[in-house]
Amino acid sequence: MSKVISICNQKGGVGKTTTAASLGVALAMKGERVLLIDLDPQSDLSACLGIERTDELDVTVSTMMGKAANEEVFDPMEGIRKTEEGVYFLPSNLELSAMEMSLVSVMNRERVLKGYVEKVRKYFDYVLIDCMPSLGMITINALAASDSVIIPVQAHYLPAKGMEQLLGTVGKVQKFVNPHLKVDGVLMTLVDARTTFSVEVPEMIKARYGERVRIYENSIPMRIKAAETSAQGVSIFRYDPKSDVAKSYAGLAEEVIRDGRKEKAKIRTERSR
């Protein structure tokens, strides 16, 4: 009963990759077996996890999607690495850009990644997919392969305003590709407590979207050290474990685990009827 979660927002610079890496490590620290999938040709997540030259990799997410698209027999653990902090990950590189173009001629192109994820998810408690900042075919593949979505939103007006397009895409995926997909919640990131935006943006989201989305109790403060973790190739828990950013991501992991337990209990109840 693993769970697959896409970390998704078509806006760049909202802390999406930092959230994927930090949440993954936080879940691993709580005893969960976690796989991170870098689904961005810019390879930022791979860099965060310590890979310096992604162009030299023999096996990436593109490799595995290609095998799934061609209906090859493959080992789903091929190419997966493990960090010193206990998370597993499948890296990416620029080949993913070419993969997006090649999907145009592939049958069932929206579900290519799902073909891979369904084989690998049985080895993990959580699979987190770091999506690219766009709503193209690769991101559609992520949503089709996921059980749910976490939306990082910077605590400013314009990034929050862009949520409508993302929620519209999620709705279309629910209707035509993955009817079980749901939005777990909105995570407020890069929160600067000195500005009124930190209060106004969450209230605006609640007013505009009502019961369609929830906002996580934990929000991520804006800190320079959090941005520095990418260059260091380690998570905030290794770089600055006593920071308020680390505490916030640990709290977010507790919320995610709590949600997962509720969902599992609901499934067990439905199965027992």
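It should be emphasised that the depicted structure is a prediction, and the values quoted were computed from it without experimental measurement.

**Student:** So what's going on with the packing of helix 1 (residues 16-29) against helix 12 (residues 244-272)? Which residues, and what values?
**Tutor:** Contact geometry for helix 1 and helix 12: axes closest at 9 Å, N-to-C directions at 70°. Taken together, the axes of helix 1 and helix 12 lie roughly perpendicular to each other. The residues of helix 12 that touch helix 1, namely those facing T18, T19, S22, L23, A26 and L27, are Y249, A250, L252, A253, V256 and I257.

**Student:** Any details on the layout of surface pockets? Residues and values, ideally.
**Tutor:** Approximately 640 Å³ is the volume attributed to the largest pocket. Contributing to the lining of the largest pocket are 25 residues, with S2, R121, D147, E263 and I267 lying nearest its centre. Put simply, the parts of the chain that give the lining of the largest pocket at least two residues each are helix 5 (112-120), helix 6 (137-145) and helix 12. In terms of residue count, helix 12 provides more of the lining of the largest pocket than any other element does, 7 residues in total. Grouping the amino acids of the lining of the largest pocket by side-chain chemistry returns 6 nonpolar, 5 polar and 14 charged. Estimated volume of the second largest pocket: approximately 450 Å³. Taken together, 24 residues form the lining of the second largest pocket, with G13, V14, G15, K16 and T18 sitting closest to its centre. A per-element tally of the lining of the second largest pocket places helix 10 (residues 224-232) first, with 4 residues. A breakdown of the residues in the lining of the second largest pocket according to their chemical character gives 12 nonpolar, 7 polar and 5 charged.

**Student:** Tell me about the packing of helix 5 against helix 6, and name the residues and values.
**Tutor:** Between helix 5 and helix 6, the shortest axis-to-axis distance is 8 Å and the interhelical angle comes to 40°. Accordingly, the angle class assigned to the pair helix 5 and helix 6 is oblique. Seen along the crossing, helix 5 lies across helix 6 with a hand that is right-handed. Contact with helix 5, carried on its side by V112, L113, K114 and V117, involves N141, A142, A144 and A145 of helix 6 and no other residues of that element.

**Student:** For the side chain of S235, give the residues involved together with the corresponding values.
**Tutor:** Examined against the element boundaries, S235 turns out to sit in the loop between helix 10 and helix 11 (236-239). The class for S235 is buried, based on a relative accessible area of 6%. With residues near it in sequence (within four places) discarded, S235 still touches V25, E85 and T229.

**Student:** Help me get a handle on the environment of K3, residues and values and all.
**Tutor:** Its location among the elements puts K3 in strand 1 (residues 3-7). The spatial distance from the C-alpha of K3 to the C-alpha of R81 is 20 Å, given a sequence separation of 78 residues.

**Student:** Can you tell me about helix 5, naming the residues and giving the values?
**Tutor:** All buried positions along helix 5 are accounted for by V112, L113, Y116, V117 and V120. In a view along the axis of helix 5, the buried residues occupy a sector of 125°, so they form one face of it. Summarising the contacts, the buried residues of helix 5 are in contact with strand 1, strand 2 (34-39), helix 3 (61-69), strand 4 (88-90), strand 5 (126-131) and helix 6.

**Student:** Quick one: what's the story with the nonpolar core, residue by residue and with numbers?
**Tutor:** Grouped together as the largest cluster of nonpolar side chains are 54 residues, with contacts concentrated most on L39, M65, L113, Y116, I129 and I205. Looking at this core, the element that brings in the most residues is helix 6, giving 6 residues. Residues in contact with M65, not counting those within four places in the same chain, are L39, L96, M99, L103, V112, L113, I138 and N141. Counting residues in each nonpolar core, the second largest holds 33 residues, with I7, I150, I236 and F237 among its members.

**Student:** Please provide a residue-by-residue account of the packing of aromatic side chains, values included.
**Tutor:** Taken as a whole and judged by the stated rule, the model has 2 aromatic pairs. Relative to F124, the ring of Y88 has its centre 5.4 Å away and its plane inclined at 65°; by these criteria the two rings are edge-to-face. Of the two residues, Y88 sits in strand 4 while F124 sits in the loop between helix 5 and strand 5, which places them 36 residues apart along the sequence. Accessibility expressed as a relative area gives 14% for Y88, which makes it buried. Residue F124 is classed as buried on the basis of its relative accessible area, which comes to 4%. The aromatic ring of F74 is capped on one face by K119, whose charged end is 5.7 Å from the ring centroid.

The rules behind each value
Every chain's residues receive numbers from 1 upward, in the order its sequence appears when written. Where totals are concerned, whole chains, interfaces and linings use all residues; where local detail is concerned, this predicted model gives features only for residues with pLDDT of at least 70, and gives and counts side-chain atom pairs only at 80 or more. Note: side-chain values were computed over all heavy atoms of the structure, leaving out hydrogens and water. Between N-to-C directions, angles cover 0 to 180 degrees, with each direction set by a line fitted to C-alpha atoms, over the stretch in contact for helices. In this description a helix means any DSSP run of H or I spanning at least four residues, a strand means any run of E spanning at least two, and both kinds are numbered starting from the N terminus. Angles below 35 degrees are treated as roughly parallel, those above 145 as roughly antiparallel, those between 65 and 115 as roughly perpendicular, and all remaining angles as oblique. Contacts were defined at the residue level, with two residues in contact if any of their heavy atoms lie within 4.5 Å. Definitions used for this entry: grid spacing 1 Å over protein atoms alone; cavity, a set of points where a 1.4 Å probe fits but cannot get out; pocket, an open set with protein on both sides within 12 Å along at least 5 of 7 lines; lining residue, one with an atom within 4 Å of a point. Grid points are joined across faces, edges and corners, and a volume is the space filled by probe spheres set on the points. Polar here means any residue outside two lists: the nonpolar Ala, Val, Leu, Ile, Met, Phe, Trp, Tyr, Cys and Pro, and the charged Asp, Glu, Lys and Arg; Gly therefore counts as polar. Crossings are sorted by hand: turned counterclockwise from the far helix by less than a right angle, the near helix makes the crossing left-handed, and turned clockwise it makes it right-handed. Burial here depends on accessible area, computed with a 1.4 Å probe over protein chains only, as a share of the maximum for the residue type. Under 20% is buried, over 50% is exposed, and the range in between is partly exposed. As used here, the arc is the angular range of directions from the helix axis to the C-beta atoms. The criterion is simple. A nonpolar core is a set of buried Ala, Val, Leu, Ile, Met, Phe, Trp, Tyr and Cys residues joined through side-chain atoms within 4.5 Å. Any Phe, Tyr or Trp ring, taking Trp's six-membered ring, that has another such ring centre within 6.5 Å forms a pair; planes under 30 degrees apart are called stacked, those over 60 apart edge-to-face, and the others tilted. When the NZ atom of lysine or the CZ atom of arginine is within 6 Å of a ring's centre and also within 35 degrees of its normal, the charge is said to sit over that ring.

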